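Residue-level structure breakdown
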There are 2 protein chains.
Amino acid sequence: MPYFDAASSAPLHPVARQALQASLDEGWADPARLYKEGRRARLLLDAAREAAAEAVGCRADELVFTASGTRAVHSGIAGALAGRRRAGRHLIVSAVEHSSVLHSAEVFEADGGTVTQVAVDRAGAVTAEAYGEALRPETALACLQSANHEVGTRQPVAAVAGVCREAGVPLLVDAAQSLGWGRVEGDWSLLTASAHKWGGPSGVGLLVVRKGVRFAAQGPVDERESGRAPGFENIPAVVAAAASLRAVRAEAAEETVRLRELTERIRARVPQLVPDVEVVGDPERRLPGIVTFSCLYVDGETLLHELDRAGFSVSSGSSCTSSTLTPSHVLKAMGVLSEGNVRVSLPLGAPEEDVERFLGVLPGAVAAVREKLGAPVPETVVSRDVLVVDARGKRCPIPVIELAKVIGDVPVGGTVRVLSDDEAARLDIPAWCEMRGQEYLGEEPADHGCAYVVRRIA
Amino acid sequence: MPYFDAASSAPLHPVARQALQASLDEGWADPARLYKEGRRARLLLDAAREAAAEAVGCRADELVFTASGTRAVHSGIAGALAGRRRAGRHLIVSAVEHSSVLHSAEVFEADGGTVTQVAVDRAGAVTAEAYGEALRPETALACLQSANHEVGTRQPVAAVAGVCREAGVPLLVDAAQSLGWGRVEGDWSLLTASAHKWGGPSGVGLLVVRKGVRFAAQGPVDERESGRAPGFENIPAVVAAAASLRAVRAEAAEETVRLRELTERIRARVPQLVPDVEVVGDPERRLPGIVTFSCLYVDGETLLHELDRAGFSVSSGSSCTSSTLTPSHVLKAMGVLSEGNVRVSLPLGAPEEDVERFLGVLPGAVAAVREKLGAPVPETVVSRDVLVVDARGKRCPIPVIELAKVIGDVPVGGTVRVLSDDEAARLDIPAWCEMRGQEYLGEEPADHGCAYVVRRIA
């Protein structure tokens, strides 16, 4: 039963389990107390902090443990913005950050701050130049992930950190997806991470604030974790997090090569095995274990169910798999197809046979979904110059399927107007045009939705 | 090696350990995902929520899991205050709440809110009348602990909830110390608790918001835990928390009787065994496992070290055991002696022999500390009418020891002025006077500190 969604949460690493169980007996007491159980808990906490700091490449007194990666991001951004309030109230984030960063930015904006979202290219990467252009005299903080969680693209963190450093602006790096693979390079100021992403336990995040970075923790605090993460320390989990980080780092060099070869295999073979597929994300500058592709004329949720029935656990950034019915903001920002989206993220040790089995199962699963939805087979008839398809009330991927079905019905040079009230269509119709070599003319307001206008070229 | 500080953190209950280990294999995946690992995690989370809600006496959809009891308090107070912002910006808390409540109140005050602290009697209890008097038309929220964490006194929660309900003001109950013993009675609106206090794992708090209570979660949130507790769920810990809550409840009836008898024994025998001791907290309306007393002429930290050397782990609300050098705000609000303070809080299953051993060890430990500090033995000589003792630069319990040493040097009717710059003296000199039957005349400003004026009566 291959689990291919390590980027959501990795199964507990054996070292994490061992460390957790071992420290349940020693780590339950209050480390602030003077008696022996407290001193023992304090020793465990201090040792875990040293180990985690060593893995991050920072001083132990720069690192605090939080209750989750999300908390680390929320507290890190809020504290850095407050600490730099005198500089100004401008925040820079990339358009493809994790939702915890974007939620923090929303709260900051609602509170009167200004946020600049730095755009990404089709591979999902920002540039240092774009961060440079976004910087203002009143910029308090810039945030950038070390690598993207949905498509695996690595960001040019060191270069962006350099640009920010020159402007005297601290850079917060969300290293949730990459910390297990290695230290984050460059002269960053703050760093956040999440233990369950590298095989550590749930309930542990890291927040690193470099010495000299202005920081003012927000909300009620207490005396724990340098006043940056209130609440009783979860020492067994913290010990397990630090131990497993060290363990996965020891495996990283070998697994980087192995998993990279496996994801490369998926990148290369999926387009050969499945028609109408777009593999997304940077082919070179990427995390070893993540590969993402989108399948035209496919409903992501149904495809996930098909794959789950075949024993494969993967995730999707398609709108139909989310509760909000909007496609992944990452795929949207990249301008790539979101329908029928599949993210494969291999855990450490994922066996080659499982990947081969996946490649064996995928074509049939996609074909089954397409058949169910009545996806188009090559068209013939030519007729009118302008054709209107009413796909209102129909959800992704139906509007694109309807478009594909009729594009052959207009002559070359003729147009199809797709009426749709589905948010995903805004992204997927232009993406389909690019994949199919048709011309996307833009959208126009229409009764209860939009008209997406496509000119037939091919 | 008896651990008598369960009120700080209880050792992991065997059921918690078992449940934690069992769910490490099933509970690590993202419960929001559609594949089987996600569905399994979701089932565990749902079952834990049902079990915890049953123990609290609420609906499952009223209860969310937070990363700690402190987080539950911070989020609960902030959310309730924001939800009732239109009612006004007035908050009521008791003077003896846990620091997480008081820190929340401070943040609210710094943000322009108004806070009323309800005073307690010498036993540490509030009255419903006092809460009634504190209520205003613009009161947004009232907070009250179910029982005090330092002295064990139970609060009249049901009566206070009734008064608040009548005024249309929600009451948040911090049930951290009592939830393991039973449901919180009365018509409260919000409730918080902390799993490691009842033998559950660290890293789990509960926040209950009754249906119909206006609540607006503050700060960045996400789709987890009904938008009230952002960050990846810690499912193995949550499962362990719920299972152990059920387990300790099953033992509660029997352990209530047993521990109550043991703490009653300490309450009765400590004053017989150790001279100059004040047992504090309500003798009747109290938690079964907590007993607290203060020893005149004793430095709390040194006493804790003596007891630790003898194998007993207890805590103290004395100023000299805290990093801030101020005595416990609870003892201060009760107006009782804070020096040489010892809190014994027995964990479930604490053996009778350990308690007897403690009673055997305590008198020698106290005597050793007193001897080290040169505490007074009965005095004789009489001389001047006014005597000034300069205890500036000396920390608790030295000022009181100096006072006790010279009180016999003035005639009955004469006065002693103790110069001191130690914050604890403000509390402990009046408390000493009450214990000794001397008259405390008040404090006067003095160069670098205060003069505490005492008239000799006895």
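Residues numbered from 1 in each chain as written. Chains lettered and ligands numbered in written order. Predicted model: local features only at pLDDT ≥ 70, side-chain atom pairs only at ≥ 80, totals over all residues. Heavy atoms only, no water.

Right, let's talk about the interface of chain B and chain A for a bit. With 53 residues of chain B at the contact, the number on the chain A side is 53 residues. Taking both partners together, chain B and chain A bury about 4,500 Å²; carbon and sulfur atoms supply 59% of that area. Three residues, W28(B), Y35(B) and R71(B), lead the burial of chain B against chain A; their summed loss comes to 14% of the area buried on that side. Connecting chain B to chain A are six salt bridges. Between R17(B) and D25(A) there is a salt bridge, and its shortest N-O distance comes to 2.6 Å. The interface formed by chain B and chain A includes 22 residue pairs in polar contact (both at pLDDT 80 or more). Contributions of two or more residues to the side of chain B that touches chain A are made by α1 (14-24), α2 (36-56), α3 (69-83), α4 (99-110) and α8 (300-309) of chain B. Class assignment for the residues of the side of chain B that touches chain A results in 19 nonpolar, 19 polar and 15 charged. (Contact = heavy atoms within 4.5 Å. Buried area = accessible area lost by both parts, 1.4 Å probe. Salt bridge = Lys/Arg side-chain N within 4 Å of Asp/Glu carboxyl O. Polar contact = N/O pair within 3.5 Å; in protein donor to acceptor, adjacent residues only side chain to side chain. Helix = DSSP H or I, 4+ residues; strand = E, 2+ residues; numbered from the N terminus. Nonpolar A, V, L, I, M, F, W, Y, C, P; charged D, E, K, R; others polar.)

Turning to the UniProt feature "domain: UPF0033" (unreviewed entry) in chain A, a few remarks are in order. Sites flagged by UniProt as "domain: UPF0033" (unreviewed entry) map to residues 389-413 of chain A. Spanning residues 389-413 of chain A, this segment combines 36% helix with 8% strand, and its end C-alpha atoms are found 17 Å apart. (UniProt positions renumbered as here; feature names shortened; annotations may be inferred.)

Here we take up the packing of aromatic side chains. Residues and elements named next belong to chain A. Following the criterion strictly, the structure yields 10 aromatic pairs over all chains and no others. With a centroid separation of 5.7 Å and an interplanar angle of 45°, the aromatic rings of F4 and F312 are classed as tilted. Taken together, the residues span a long stretch of sequence, with F4 in the segment before α1 (14-24) and F312 in the loop between α8 (300-309) and α9 (329-334) at a distance of 308 residues. Assigned by exposure class, F4 and F312 land together as buried. When the centroid spacing of 5.4 Å and the interplanar angle of 65° are considered together, the rings of F312 and F358 count as edge-to-face. Note that F312 is positioned in the loop between α8 and α9 and F358 in helix α10 (residues 352-373), a separation of 46 residues in sequence. (Phe/Tyr/Trp six-rings, centres within 6.5 Å; stacked < 30°, edge-to-face > 60°. Buried < 20%, exposed > 50% of the residue type's maximum accessible area, 1.4 Å probe, protein only.)

With that settled, consider the relation of the copies chain B and chain A. Least-squares fitting of chain B to chain A yields an RMSD of 0.1 Å, with the transformation described by 0.0 Å of translation along the axis and a rotation of 180°. Both copies of the chain, as the preceding transformation shows, are related through a two-fold rotation axis. The position closest to the rotation axis in chain B is occupied by the C-alpha of A67(B), lying 2.9 Å away. A share of 100% of interface residues in chain B that are also interface residues in chain A marks the association as one of identical surfaces. (Least-squares fit on C-alpha atoms with pLDDT ≥ 70 in both.)

Turning next to the environment of S100(B). Residues and elements named next belong to chain B. Along the polypeptide, S100 turns up in helix α4. Separated by 77 residues in the primary sequence, S100 and S23 have C-alpha atoms spaced 30 Å apart. Setting aside chain neighbours within four positions, we find S100 in contact with T70, V73 and H74. Polar side-chain contacts of S100 include one of 2.8 Å to the side chain of H98.

So, about empty space enclosed by the protein. Taken as a whole and judged by the stated rule, the model has four cavities of 30 Å³ or more. Listed by contribution, the elements that provide at least two residues to the lining of the largest cavity are β1 (63-66) and α3 (69-83) of chain A together with β1 (63-66) and α3 of chain B. L20(A), N234(A), A237(A), L20(B) and A237(B) are, among the 27 residues lining the second largest cavity, the residues nearest its centre. Broken down by class, the residue content of the lining of the second largest cavity amounts to 18 nonpolar, nine polar and no charged. (1 Å grid on protein atoms, 1.4 Å probe; cavity = no way out; pocket = protein on both sides within 12 Å on 5 of 7 lines; lining within 4 Å. Points joined across faces, edges and corners; volume = space filled by probe spheres on them.)

Residue and element names in this part refer to chain A. According to the domain assignment, chain A contains domain 1 (14-248), domain 2 (252-373) and domain 3 (386-455). Between domain 1 and domain 2, the C-alpha centre-to-centre distance is 28 Å. Counting residues at the interface gives 24 residues for domain 1 and 25 residues for domain 2. Between domain 1 and domain 2 lies a buried interface of about 2,000 Å² when both sides are counted; carbon and sulfur atoms form 59% of it. For the domain 1 face of the interface with domain 2, the top three residues by lost area are R122, E150 and W181, together amounting to 37%. In this structure, the connection of domain 1 to domain 2 is made through one salt bridge. Between E278 and R122 there is a salt bridge, and its shortest N-O distance comes to 2.4 Å. (Domains from an automatic or database assignment.)

For the rest of this paragraph, the subject is the environment of P445(B). Residue and element names in this part refer to chain B. As for its placement among the helices and strands, P445 is situated in strand β13 (residues 439-446). Given the relative accessible area of 76%, P445 is considered exposed. Taking the C-alpha atoms as reference points, P445 and L419, separated by 26 residues in sequence, lie 9.3 Å from one another.

The biggest cluster of nonpolar side chains holds 65 residues, and the ones touching the most others in it are V56(A), L63(A), F65(A), L171(A) and W198(A). Considering every element that reaches this core, the biggest residue donor is helix α7 (residues 235-273) of chain A, with nine residues. Among the nonpolar cores identified, the runner-up in size contains 61 residues, and A53(B), V157(B), A161(B) and V238(B) belong to it. (Core = buried A, V, L, I, M, F, W, Y, C linked by side-chain atoms within 4.5 Å.)

Moving on: helix α12 (residues 425-436) of chain A. Residues and elements named next belong to chain A. For α12, spanning 12 residues, the distance from its first C-alpha to its last is 16 Å, which sits close to the expected 16 Å at 1.5 Å a residue. Taken together, the buried positions of α12 are occupied by A425, L427, D428, I429, A431, W432 and C433. Against α9, α11 (398-406), β12 (415-420), β13 (439-446) and β14 (449-455) lie the buried residues of α12. Downstream of α12 by a residue or two, G437 has a phi angle that is positive, lying close to 70°. (Expected span 1.5 Å × (residues − 1).)

Bringing unusual backbone geometry into the picture now. Residue and element names in this part refer to chain A. In this structure, P397 follows C396 across a cis peptide bond, with omega equal to 5°. With respect to the element layout, P397 can be found in the loop between β11 (386-390) and α11. Of note in the backbone geometry, D276 takes a positive phi value of approximately 60° without being a glycine. Relative to the helices and strands, D276 resides in the loop between α7 and β8 (277-280). Of note in this structure, H448 is not a glycine but carries a positive phi near 55°. Turning to its location among the elements, H448 is positioned in the loop between β13 and β14.

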